[in-house]
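The residues making up each chain are set out below.
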Amino acid sequence: MRTFQLTNIRKTFRNGDVEEEVLKGVDLSINPGQVTALIGASGSGKSTLLTIAAGLQSTSQGEIVFHGQNLATCKEEELRKIRAEAFGFIFQSSHLVPFLTVEEQLSMMLDVAGKHKDETSISSILDQVGLSHRRKAYPASLSGGEKQRAAIARAVIHQPSVLFADEPTASLDSKKSQEVMGLLKDMTRNLGMATLLVTHEEDMLTFADRVVRMEDGKIVV
Ligand SMILES: Nc1ncnc2c1ncn2[C@@H]1O[C@H](COP(=O)(O)OP(=O)(O)OP(=O)(O)O)[C@@H](O)[C@H]1O
Ligand SMILES: [Mg+2]
């Protein structure tokens, strides 16, 4: 089992002469096969924690240990490989590439992850997210919910160990949000991913196996 553990994460930003400590010693482990929801007021440090955990920005202090390796100290090249092969990402906006069809987005991701382009796995994921009939469509012709479902398919096609999702349903109405979260939860179970979900929508917490609250740069629950 691939464990993921953050220990004593601190992050300080400097704006001119002013230093602000945004993360003040965060300990968190996220478990495979579970959705861990991270909630808290705007500005409490949720996105900063998620991007540090994902190796998208550096931490000022602390350890990020994934599968026995400390991401805080590993080389950029190694980190890039881990991100591409073992992590998946979903954000508030789908960030689909405008000139690629739905299925091309998925094969591009397999390329990036250095995985074999397997038609069966592409078909199977598209089936799971309910987009088989839209596989040749370009993003501009997809609805908001379809775009987010395509983004989920792209985030998990390479079977990552850890899925990072920062407000993935913020742009959707309540019914579509439920659909997308249900899908994320099923994928988390089926693929055994450790999913870290940032959300500020109370409704979405029913999909979480565990809820962790941040307040002013610290975890309080
Ligand atoms: N690159 C940066 N430089 C300076 N300050 C930053 C930077 N990134 C974030 N911050 C500050 O860190 C604090 C936490 O920001 P963060 O984006 O983590 O909050 P959040 O909990 O995700 O909020 P929201 O719910 O609004 O998305 C905020 O005060 C923000 O202004
Ligand atoms: Mg945020």
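Residues numbered from 1 in each chain as written. Chains lettered and ligands numbered in written order. Predicted model: local features only at pLDDT ≥ 70, side-chain atom pairs only at ≥ 80, totals over all residues. Heavy atoms only, no water.

**A few points about the overall build of the chain**
Right, on to step 1. Looking only at helices and strands, the chain has six helices and ten strands in total.
Right, on to step 2. In terms of overall dimensions, the chain is globule-like: its C-alpha atoms have a radius of gyration of 17 Å, near the 17 Å expected for 221 residues.
Right, on to step 3. Judged by the C-alpha coordinates and their principal axes, the chain covers about 50 × 40 × 35 Å.
Right, on to step 4. Split into buried and exposed, the 221 residues of the chain put 50% on the buried side.
Right, on to step 5. When the accessible surface of the chain is totalled, it reaches about 10500 Å², and 48% of it is carbon and sulfur.
Right, on to step 6. Here the chain holds 25 positive side-chain charges and 28 negative ones, and the gap between their average locations is 2 Å. (Helix = DSSP H or I, 4+ residues; strand = E, 2+ residues; numbered from the N terminus. Rg over C-alpha atoms; globule rule 2.2 N^0.38 Å. Buried < 20%, exposed > 50% of the residue type's maximum accessible area, 1.4 Å probe, protein only. Areas by Shrake-Rupley, 256 points an atom, 1.4 Å probe, with all protein chains shown as cover. Lys, Arg positive; Asp, Glu negative; His and termini not counted. Charge placed at Lys NZ, Arg CZ, Asp CG, Glu CD.)

**Things to note about the pattern of salt bridges**
Right, on to step 1. Here the structure, examined in full by the defined rule, presents 15 salt bridges.
Right, on to step 2. Among the ionic pairs, Lys136 bridges to Glu103, the shortest N-O distance being 2.6 Å. Here Glu103 lies in helix α3 (residues 102-112) and Lys136 lies in the loop between α4 (119-128) and α5 (144-156), a separation of 33 residues in the sequence.
Right, on to step 3. A relative accessible area of 61% means that Lys136 is categorised as exposed.
Right, on to step 4. Note that Lys117 is salt-bridged to Asp111, the shortest N-O span being 3.5 Å.
Right, on to step 5. Residue classification places Lys117 among the partly exposed positions, given a relative accessible area of 44%.
Right, on to step 6. Each member of the salt-bridge network shares a partner with another, and the members are Glu103, Glu119, Arg135 and Lys136. (Salt bridge = Lys/Arg side-chain N within 4 Å of Asp/Glu carboxyl O.)

**A few points about the sheet that holds strand β3 (residues 34-40)**
Right, on to step 1. Strand order across the open sheet formed by six strands is β6-β7-β8-β3-β9-β10, with mixed pairing between neighbours. Two strands lie at the open edges of the sheet, namely β6 (87-90) and β10 (218-219), each paired on one side alone.
Right, on to step 2. Bridge analysis of strand β7 (residues 162-166) against strand β8 (residues 194-198) gives five bridges, and the strand direction is parallel. Following the sheet pairing, Ala165 is matched in β8 by Leu197.
Right, on to step 3. Contacts from helix α1 (residues 46-53) reach β3, β6, β7, β8 and β9 (210-215), with the element oriented near 155 degrees to β7.
Right, on to step 4. Here helix α6 (residues 174-191) sits on the sheet in contact with β3, β6, β7 and β8, set at roughly 135 degrees to β3. (Pairing = 2+ DSSP bridges. Contact = heavy atoms within 4.5 Å. Axes fitted to C-alpha atoms, helices over the stretch in contact; angles between N-to-C directions.)

**With respect to α6**
Right, on to step 1. The first and last C-alpha atoms of α6 sit 26 Å apart over 18 residues, in line with the 26 Å expected at 1.5 Å per residue.
Right, on to step 2. Of the residues making up α6, those classed as buried are Ser177, Val180, Met181, Gly182, Leu183, Leu184, Lys185, Met187 and Thr188.
Right, on to step 3. Buried residues along α6 sit in contact with β3, β6, α4, α5, β7 and β8.
Right, on to step 4. You can read the cap of α6 off the contacts: a side-chain oxygen lies 3.2 Å from the backbone nitrogen of Lys175, and it is on Asp173.
Right, on to step 5. Following α6 by one or two positions, Gly192 has its phi on the positive side, about 65 degrees. (Expected span 1.5 Å × (residues − 1). Polar contact = N/O pair within 3.5 Å; in protein donor to acceptor, adjacent residues only side chain to side chain.)

**Quick look at the environment of Val65**
Right, on to step 1. With respect to the helices and strands, the residue Val65 is situated in strand β4 (residues 61-66).
Right, on to step 2. Measuring from C-alpha to C-alpha, the distance between Val65 and Leu6 comes to 6.4 Å, with 59 residues separating the pair along the chain.
Right, on to step 3. Setting aside anything within four residues of it in sequence, one finds Val65 in contact with Thr3, Phe4, Gln5 and Asn70.

**Describing the site of ligand 1**
Right, on to step 1. Residues in close proximity to ligand 1 total 13 residues, the closest being Ser42, Gly43, Lys46, Ser47 and Thr48.
Right, on to step 2. Residue Ser42 places a side-chain N or O atom 2.6 Å away from an oxygen atom belonging to ligand 1.
Right, on to step 3. At 2.8 Å from an oxygen atom of ligand 1 is found a side-chain nitrogen or oxygen belonging to Lys46.
Right, on to step 4. Taken by itself ligand 1 offers 640 Å² of open surface, and the protein chains cover 61% of this.
Right, on to step 5. For the shell around ligand 1, the elements supplying multiple residues, two or more each, are β1 (4-15), β2 (18-30) and α1. (Near = heavy atom within 4 Å.)

**Description of the packing of aromatic side chains**
Right, on to step 1. Tallied over the entire structure, the rule returns seven aromatic pairs.
Right, on to step 2. Relative to Phe66, the ring of Phe4 lies with its centre 6.0 Å away and its plane at 50 degrees, an arrangement referred to as tilted. Of this pair, Phe4 sits in strand β1 while Phe66 sits in strand β4, and the two are 62 residues apart along the sequence.
Right, on to step 3. For Phe4, a relative accessible area of 2% translates into the label buried.
Right, on to step 4. On the numbers, 5.4 Å between centres and 65 degrees between planes, the contact of Phe66 with Phe87 is edge-to-face. You can see Phe66 sitting in strand β4 and its partner Phe87 sitting in strand β6, a full 21 residues away along the chain. Assigned by exposure class, Phe66 and Phe87 land together as buried. (Phe/Tyr/Trp six-rings, centres within 6.5 Å; stacked < 30°, edge-to-face > 60°.)

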